[in-house]
Amino acid sequence: MTGTAESLLDGLDDQQRMAAEALLGPVCLLAGAGTGKTRAITHRIAYGVATGVYPPGRVMALTFTARAAGELRGRLRALGAGGVSARTFHASALSQLNFFWPQVIGGTMPRLLEGKAKVIAHGADALRLKLDTATLRDVAAEIEWRKTSRLSIEEYAAKNRPVAQSLTPDKMVALHSAYETVKDERRQIDFEDVLLAAAGMIEAEPRVAQQVREQYRFFVVDEYQDVSPLQHDLLQLWLGPRNDVCVVGDVSQTIYSFAGASPDYLLGFGSEHEDAVVIRLEQNYRSTPAIVATANRLMRDKPGALTLHPVSDRTGSAPVTTAYPSDSAEARAVANAIAAEIATGTKPESIAVLFRINAQSQALETALADAGVPYLMRGSSRFFDQREVKEALMLLRGATVNTAVEPLFKTMSDVLRSIGWSQDPPEARGAVRDRWDSLNALMHLAEEAPAGTSLRQFVDELFERQAGQHEPTMAAVTLATLHSAKGLEWDSVYLVGLAEGLVPISYAKDPTAIEEERRLLYVGVTRARRSLALSWATSPQQGRSGQRSPSRFLAELA
């Protein structure tokens, strides 16, 4: 073993080191929130490369988001394993389709749909159905669930699943058929078709299977609790008769069952692979002992739940639950508490307000604006899709052809000033301040670049960030739904709207759906590093009568 390889194990705890050294055969990492799972898997891959066990080009790390894939690539590059591929399931399958489609089917691949709504609407028109936006969204979710569950339309019909209020089961099934017909007529495929077609080619064409398996020999799958039957089957096809796969997940963070995800594959990994090595990561490095205790109470005695053990010696008060008379009163109180935090030196970007549904953000946005607190709604628009950011990237790319050698900071300053950036923020809020914040985030990235970084290197890094949706940190409080907060963390977290009808959501009727809502709240609780505040409003939801009741989960957290 080289000194470099040995150094990759330094700083890992006993369980993480065990994971890093388990390089061959089936390995399952049951990794709780805040236990350093990304550190464990990146050091495991880098250690395998450094010791010569893994040829970098034959390793594939699979994630569920482009952002997570980008983060993995960055970490692996820093650890000396830059030749390892890290992609989403869809990106891997799409790459294979683009390569094999002309050979197997002929011609160019069909165009990829960006969204299902318009095609469903056209299918509905053919059936003389009028659907509102919410129903279109529900139908799209059902189509996705059917496909990721690998069900034919006939098999789906036999499931007799609950449907949108405005549709009968027969009409829902007819819409599925109409959607597929319109899509086929237009020679289009959706994201689920990408996985289905990739799986179909490997199953039907031995030479395709051989080429795919020759390319990638070792697999690592993050967030394995969220794999669907379709993704599980595709992974098995990629592996073939081999078993060199490491899966990582936490059953307590399964929050995408509505999209076909099943924790059964994580729970059953040891049964599926009799010689599997199963390692539990339960040392929580993120949160204070009080927050860890709160998370443990929420998931106590639940199937597959890990018990987190706090490592942090940070002191912190126990999470406090507060009831407010109305949503607006709750929003104002949260905004004032955040303003007070910022006044004492807490950075806005280290604070988040989390809620169940997007509609809850309106009162919060108003209250934060009134309190003069900058905020960013996660998921509203991607950083690299903003007009001013695209303009800056175009100008920076053009500046790389200049032969004059200047410090990165000066070139960045000159380019950004030419499109309206200034060293001091504008006093006005709204669009003017939003534009400045975006450009300033680019400037901040330049300031953080290692000494000696050239403009070309920096611009290449920006475009890699763009491809991986690795957005820079903005100096603003984050507003986010519980679903979109997964994988993130902040010093201070405010969980709002914890009332029956919101958490758990009103349409979660059966025990399985209720438990999914519990896990969603668990994700929210475990995002907090130092401070956690819980709140709810007693006034009735808009359009309803009667006072709200606190979420049933709050009694367990007290």
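All values derive from a computational prediction rather than experimental measurement.

A. Up close: the overall build of the protein chain. Within the protein chain one finds 23 helices and 16 strands. Scaling as 2.2 N^0.38, a compact globule of 558 residues should have a C-alpha radius of gyration of about 24 Å, and the protein chain matches this with 25 Å. By principal-axis analysis of the C-alpha atoms, the protein chain measures approximately 65 × 65 × 50 Å. Sorting the 558 residues of the protein chain into buried and exposed places 50% on the buried side. Sequence separation of at least 24 residues holds for 79% of the intrachain contacts in the protein chain that already meet a minimum separation of 6. Between the centroid of the 60 positive side chains of the protein chain and the centroid of its 66 negative side chains there is a distance of 2 Å.

B. Layout of the domain arrangement of the protein chain. Along its sequence, the protein chain is organised into domain 1 (5-88 + 219-226 + 242-281), domain 2 (111-186), domain 3 (296-379 + 476-557) and domain 4 (383-468). A separation of 34 Å is found between the C-alpha centroids of domain 3 and domain 4.

C. Expanded view of the sheet that holds strand 7 (residues 245-249). In spatial order, the strands read 3-2-6-7-1-8; together these 6 strands make up an open sheet with parallel pairing. The open sheet has two edge strands, strand 3 (85-88) and strand 8 (277-281), and neither has a second partner. Averaged over all neighbouring strand pairs, the angle between strand axes comes to 15°, with direction disregarded. Alignment of strand 2 (residues 59-63) against strand 3, held across 4 bridges, turns out to be parallel. When the bridges of strand 3 are listed, Ala-61 appears paired with Ala-86. Lying on the sheet, helix 12 (residues 229-239) is in contact with strand 2, strand 6 (218-221) and strand 7; it crosses strand 6 at an angle near 160°.

D. Structural view of empty space enclosed by the protein. In total, this model carries 1 cavity of 30 Å³ or more according to the counting rule given. In terms of lining residues, the largest cavity is bounded by Gln-96, Leu-97, Phe-100, Ala-198, Met-201, Ile-202 and Val-208. Mapped onto the lining of the largest cavity, the elements with two or more residues apiece are helix 5 (89-104) and helix 10 (191-204). Here the residues of the lining of the largest cavity are counted per class, giving 6 nonpolar, 1 polar and no charged.

E. Region of interest: the UniProt feature "domain: UvrD-like helicase ATP-binding" (unreviewed entry) in the protein chain. The UniProt record marks residues 10-288 with the feature "domain: UvrD-like helicase ATP-binding" (unreviewed entry), using the residue numbering of this structure. Along residues 10-288, the helical share is 52% and the strand share 12%, with 24 Å between the first and last C-alpha atoms.

F. Spatial organisation of the packing of helix 10 against helix 12. Between helix 10 and helix 12, the shortest axis-to-axis distance is 10 Å and the interhelical angle comes to 35°. Of the two possible hands of crossing, helix 10 and helix 12 adopt the one that is left-handed. Packed against helix 10, whose contacting residues are Glu-192, Leu-195, Leu-196, Ala-198, Ala-199, Ile-202 and Glu-203, the element helix 12 presents Leu-230, Gln-231, Leu-234, Leu-237 and Trp-238 at the interface. Its residues assigned to classes, the contact of helix 10 with helix 12 comprises 9 nonpolar, 1 polar and 2 charged.

G. Expanded view of the pattern of salt bridges. Taken as a whole and judged by the stated rule, the model has 36 salt bridges. Put simply, Asp-226 and Lys-486 hold a salt bridge, and the shortest N to O gap is 2.9 Å. One end of the pair, Asp-226, is in the loop between strand 6 and helix 12; the other, Lys-486, is in the loop between strand 14 (477-481) and strand 15 (490-495), with 260 residues separating them in the sequence. Of the residues examined, Asp-226 reaches a relative accessible area of 7% and is grouped as buried. In this structure, the salt-bridge partner of Arg-548 is Asp-327, at a minimum N-O distance of 2.7 Å. Highlighted residues: Arg-548 in the loop between strand 16 (528-537) and helix 23 (552-557) and Asp-327 in helix 16 (residues 327-343), separated in sequence by 221 residues. Connected through salt bridges with shared partners, the residues Arg-146, Lys-147, Glu-180, Lys-183, Asp-184, Asp-190 and Asp-193 form a single ionic network.

Parameters at a glance
Residues numbered from 1 in each chain as written. Predicted model: local features only at pLDDT ≥ 70, side-chain atom pairs only at ≥ 80, totals over all residues. Heavy atoms only, no water. Helix = DSSP H or I, 4+ residues; strand = E, 2+ residues; numbered from the N terminus. Rg over C-alpha atoms; globule rule 2.2 N^0.38 Å. Buried < 20%, exposed > 50% of the residue type's maximum accessible area, 1.4 Å probe, protein only. Contact = heavy atoms within 4.5 Å. Lys, Arg positive; Asp, Glu negative; His and termini not counted. Charge placed at Lys NZ, Arg CZ, Asp CG, Glu CD. Domains from an automatic or database assignment. Pairing = 2+ DSSP bridges. Axes fitted to C-alpha atoms, helices over the stretch in contact; angles between N-to-C directions. 1 Å grid on protein atoms, 1.4 Å probe; cavity = no way out; pocket = protein on both sides within 12 Å on 5 of 7 lines; lining within 4 Å. Points joined across faces, edges and corners; volume = space filled by probe spheres on them. Nonpolar A, V, L, I, M, F, W, Y, C, P; charged D, E, K, R; others polar. UniProt positions renumbered as here; feature names shortened; annotations may be inferred. Left-handed = near helix turned anticlockwise from the far one by under 90°. Salt bridge = Lys/Arg side-chain N within 4 Å of Asp/Glu carboxyl O.

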